[in-house]
Amino acid sequence: MIEFNQVSKNYFSLTALKDITLTIPQGEVVGLLGPNGAGKTTFIKLVAGLISPSSGKITATNHPARWPSVGFKPERLVFPGDLVVSQYLEMIAGLCNVGRVQKDNVVLESLARVNLLAAANKQIKTLSKGMRQRLGLAQALIGDPDLLLLDEPSSGLDPAGQEEMQTYIEELRAAGKTILMSSHQLHEVTRVCTYLIILKDGRVLYRSPVAEALTLRPHVAIQVDRPLDGAKPLLQMVHPNIVVEGSEVILRDEAISMRRQILSILINQGYDIVKVEQRRITLAEIYSEAVQ
Amino acid sequence: MIRRILILTGYFSKAVFFSLTGLILLILSLIYWAIFFPPGQGTPDVENYIILVGALGAGVTFMATLAVSSKAGRMENYPMLVRLPSRVEYLVAVLLSALLLGTILQFLVAGLALIRGPELTMARVLTIPPLWGSINLLAAVLAIHATDLVTAGWSRVILFGTLAVALILNSAAGSPDIWFSDRFNDLSNLFSRVNLLWFSDLAGNAAAWAFESPLTGLANVAGIIFWPFRAMTDAVFAGGFTPSQALAPAVLILYGAILFLVAATLFTSKDLDFLE
């Protein structure tokens, strides 16, 4: 849908993004991960058209218009504070060419979707942070844009608010929306995103469909009742791919087929088996490996 | 497109008019009225009325443009801006809001100034809209170049620098050789009085050069650029436009259009880094 072709962005001597070539696929929820200053907001602003690349090209493919319609929830929750919530949303609806007749319904629907109907007649400056986050999402949804840009949608929300926000995004994913969101919360990305991009120092370190990434490196973990320091040499003699970490034995690749043998060694050594678990790589592991 | 522009115009106008800045603009306009049209003093001339209220319109429109641009350059407007198919719509809305505010305040003062003011004939009233309208438009477009919203790199320095040079050359129009030569001679005399003879000689040489230089041509060009202002002032004092003077407001609108085109080009190609 959106293609980045060797895109770089410089702010004077600072390189915010460098030689980015990738595609934001249609119908996917793309999660942008990376440490602070990695270039996530710059990436989102480029897609929003607020800034232009210093070099390279960003194009919209398979789209009838020159650029898809965009709904944008910025990271900073600043809105025109003197306006009433419904007034603000009506204005956004007007800018999205929503007809006068449908405008009221569109505003009510978007407020209902983010559970903000009760605040429809409140001034924006009186809203709490959580309500502002929801207002941010509500305004981005108006006009049914082709692409939703959510810059840290759950930032600053309490656990209940985060849960709510993730549920909204899951509903949008189910409705087939294309979403580009940045986040610092790995569990949020694991839960709602279908595609993953990890940025650091303006470069793409990793990109993959989330489901594919999480099927990588299957392994078996055997947990025993106490630290395995004494048994470590014996276990590693069986296969070099056996990793001992504290009271856990991790079997990777061919070592997985040796789990019965390992279990019997552990039992013979007098360890009690607490848990045997089949695992996949976690997003936290992917992230820390990529970033380090 | 028109609907989107009108929505944004309404939003910017309301936001600025009902803010502290709006109140300050209103107070400044009333102070201007009290100074130049004191109600107790009686009838000023029609010519003065047209020129003074026109000048107020230009000034207040300039300030209103700065205020609206400042409002438009805030981060809270990102979600609105990304909804527009073209950034030019945003800039047009800023310009229209500023013109609307400037015109409202100008009309307020124009109305107040008519209390015990001049009696305007219909023929005179009909000459006013092109005068005030074209000057307000030019003031708004010039002001927009002075704001962070539009400026890119050295654009405002170049624009206002060029304008300043053109104004200096214009003030010398007619006999620029003598005008510049006299200025350098004044400088030479000043240096010789404080015993800086080397600088005095330098200024003396510059005076001789100015007398022979091609400044006449440049000054004449500047004179042509500022012709619409002279033509409009002459028309006001003559009580009506001659056929050639009638073109002056149109020329000012053309200047405004060209400057707006430059502003739109700068605005559409610049990175928008709005303030919170």
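Procedures and definitions
- Residues numbered from 1 in each chain as written.
- Chains lettered and ligands numbered in written order.
- Predicted model: local features only at pLDDT ≥ 70, side-chain atom pairs only at ≥ 80, totals over all residues.
- Heavy atoms only, no water.
- Helix = DSSP H or I, 4+ residues; strand = E, 2+ residues; numbered from the N terminus.
- Polar contact = N/O pair within 3.5 Å; in protein donor to acceptor, adjacent residues only side chain to side chain.
- Contact = heavy atoms within 4.5 Å.
- Core = buried A, V, L, I, M, F, W, Y, C linked by side-chain atoms within 4.5 Å.
- Buried < 20%, exposed > 50% of the residue type's maximum accessible area, 1.4 Å probe, protein only.
- Buried area = accessible area lost by both parts, 1.4 Å probe.
- Salt bridge = Lys/Arg side-chain N within 4 Å of Asp/Glu carboxyl O.
- Domains from an automatic or database assignment.
- Axes fitted to C-alpha atoms, helices over the stretch in contact; angles between N-to-C directions.
- Parallel < 35°, antiparallel > 145°, perpendicular 65-115°, else oblique.
- Left-handed = near helix turned anticlockwise from the far one by under 90°.
- Nonpolar A, V, L, I, M, F, W, Y, C, P; charged D, E, K, R; others polar.
- Pairing = 2+ DSSP bridges.
- Phe/Tyr/Trp six-rings, centres within 6.5 Å; stacked < 30°, edge-to-face > 60°.

Trainee: Please explain the side chain of Lys9 of chain A as it appears in this structure.
Mentor: Topologically, Lys9 of chain A is positioned in strand S1 (residues 2-11). There is a polar contact of 2.7 Å between the side chain of Lys9 of chain A and the backbone oxygen of Ser52 of chain A. Excluding residues that lie within four positions of it along the chain, Lys9 of chain A makes contacts with Leu14, Thr15, Ala16, Leu17, Thr42, Leu46, Ile51, Ser52, Pro53 and Ser54 of chain A together with Asp271 of chain B.

Trainee: Looking at this model, I keep getting lost on the nonpolar core. Mind explaining?
Mentor: For soluble globular proteins, the rule of thumb is that nonpolar side chains tend to be buried together. In terms of nonpolar packing, the biggest core is built from 139 residues, with Phe4, Phe43 and Tyr88 of chain A touching the most fellow members. Among the elements that make up this core, the one with the highest residue count is helix H5 (residues 87-113) of chain B (12 residues). Once residues within four sequence positions are removed from consideration, Tyr88 of chain A is found in contact with Phe79, Pro80, Leu83, Ile124, Leu135 and Gln139 of chain A together with Glu76, Pro79 and Met80 of chain B. Of all hydrophobic cores here, the second largest spans 16 residues; its members include Val220, Val224, Ile256 and Ile265 of chain A.

Trainee: Would you mind going over helix H1 (residues 40-48) of chain A with me for this structure?
Mentor: Since the α-helix turns once every 3.6 residues, residues separated by three or four places project in the same direction. The buried count for H1 of chain A comes to 8 of 9 residues, which makes it a mostly enclosed element. Once H1 of chain A finishes, Gly49 of chain A follows within two positions and takes phi at roughly 80°, a positive value.

Trainee: In this structure, what is going on with the interface of chain A and chain B? I would like to understand it.
Mentor: Size of an interface: often given as the accessible area lost when the parts come together. The interface is formed by 34 residues belonging to chain A together with 22 residues belonging to chain B. The junction of chain A with chain B conceals about 2300 Å² of combined surface from both sides, 56% of it contributed by carbon and sulfur atoms. Its largest share of buried area at the contact with chain B, chain A owes to Leu50, Val78 and Leu95 of chain A, together 30% of the area lost on that side. Between chain A and chain B we count 2 salt bridges in total. Between Asp273 of chain B and Lys45 of chain A there is a salt bridge, with the nearest N and O atoms lying 3.5 Å from each other. Taken together, the connections running from chain A to chain B amount to 12 residue pairs in polar contact (both at pLDDT 80 or more). Residue assignment for the side of chain A that touches chain B shows that the elements contributing at least two residues are S1, H1, strand S5 (70-73), helix H2 (85-95), helix H3 (100-113) and helix H4 (129-141) of chain A. Looking at which element gives the most residues to the side of chain A that touches chain B, the answer is H2 of chain A, with 5 residues.

Trainee: For this particular structure, what's the right way to read the domain arrangement of chain A?
Mentor: Each assigned domain of chain A is listed with its residue range as follows: domain 1 (2-213) and domain 2 (219-281). Spacing between the C-alpha centres of domain 1 of chain A and domain 2 of chain A amounts to 44 Å.

Trainee: It is not clear to me how the packing of H2 of chain A against H4 of chain A should be interpreted in this structure. Could you clarify?
Mentor: Geometrically, a packed helix pair is captured by the angle between its two axes and the distance between the axes. Residues and elements named next belong to chain A. Two numbers describe how H2 lies on H4: the axes approach to 9 Å, and their chain directions differ by 25°. For the element pair H2 / H4, the angle class is roughly parallel. Judged by the sense of rotation from one axis to the other, the crossing of H2 with H4 is right-handed. Of the residues in H4, those touching H2 at Val85, Tyr88, Leu89 and Ile92 are Leu135, Ala138 and Gln139. Its residues assigned to classes, the contact of H2 with H4 shows 6 nonpolar, 1 polar and no charged.

Trainee: Sorry, what's going on with the pairing of strand S2 (residues 14-24) of chain A here?
Mentor: A regular strand places its side chains on the two faces of the sheet in alternate fashion. Residue and element names in this part refer to chain A. Pairing of S1 with S2, which is carried by 7 bridges, proceeds in the antiparallel orientation. Of the residues in S2, the one forming a bridge with Val7 is Ile20. Linkage of S1 to S2, two consecutive antiparallel strands, is achieved through a turn of 2 residues, within which Phe12 is found at a positive phi near 55°.

Trainee: Help me understand the side chain of Ser97 of chain B in this model?
Mentor: Residue position: Ser97 of chain B is located in helix H5. Those residues in contact with Ser97 of chain B that sit more than four places away from it in its chain are Leu8, Thr9, Phe12, Ser13 and Val68 of chain B.

Trainee: So what exactly am I meant to see when it comes to the environment of Leu95 of chain A here?
Mentor: Position of Leu95 of chain A among the secondary structure elements: in helix H2. Classification of Leu95 of chain A by relative accessible area gives buried; the value is 1%. Separated by 47 residues in the primary sequence, Leu95 of chain A and Ile142 of chain A have C-alpha atoms spaced 9.8 Å apart. The residues contacting Leu95 of chain A, other than those within four sequence positions of it, are Arg4, Ile7, Leu8, Met80, Arg83 and Leu84 of chain B.

Trainee: Mind showing me how you'd approach the pairing of strand S8 (residues 195-200) of chain A here?
Mentor: Residue and element names in this part refer to chain A. With 5 of 6 residues buried, S8 lies mostly within the body of the structure. Here strand S3 (residues 29-33) pairs with S8 via 4 bridges, running parallel. Pairing of Leu32 across the sheet is with Ile197, part of S8. Counting the residues in the hairpin turn of S8 and strand S9 (residues 203-209) gives 2 residues, including Asp201, whose phi is positive at 50°.

Trainee: I tried to follow the packing of aromatic side chains on my own but got confused; where do I start?
Mentor: Two measures describe an aromatic ring pair: the distance that separates the ring centres and the angle between the ring planes. In this structure the tally under the stated criterion is 14 aromatic pairs over all chains. Relative to Tyr88 of chain A, the ring of Phe79 of chain A has its centre 5.6 Å away and its plane inclined at 65°; by these criteria the two rings are edge-to-face. Under the relative-accessibility criterion, Phe79 of chain A is labelled buried at 6%. Judged by centre distance (6.3 Å) and plane angle (50°), the ring pair of Tyr49 of chain B and Trp132 of chain B falls under tilted. Of the two residues, Tyr49 of chain B is situated in helix H3 (residues 46-72) and Trp132 of chain B in helix H6 (residues 122-146); the sequence distance between them amounts to 83 residues. Both residues of the pair, Tyr49 of chain B and Trp132 of chain B, count as buried.

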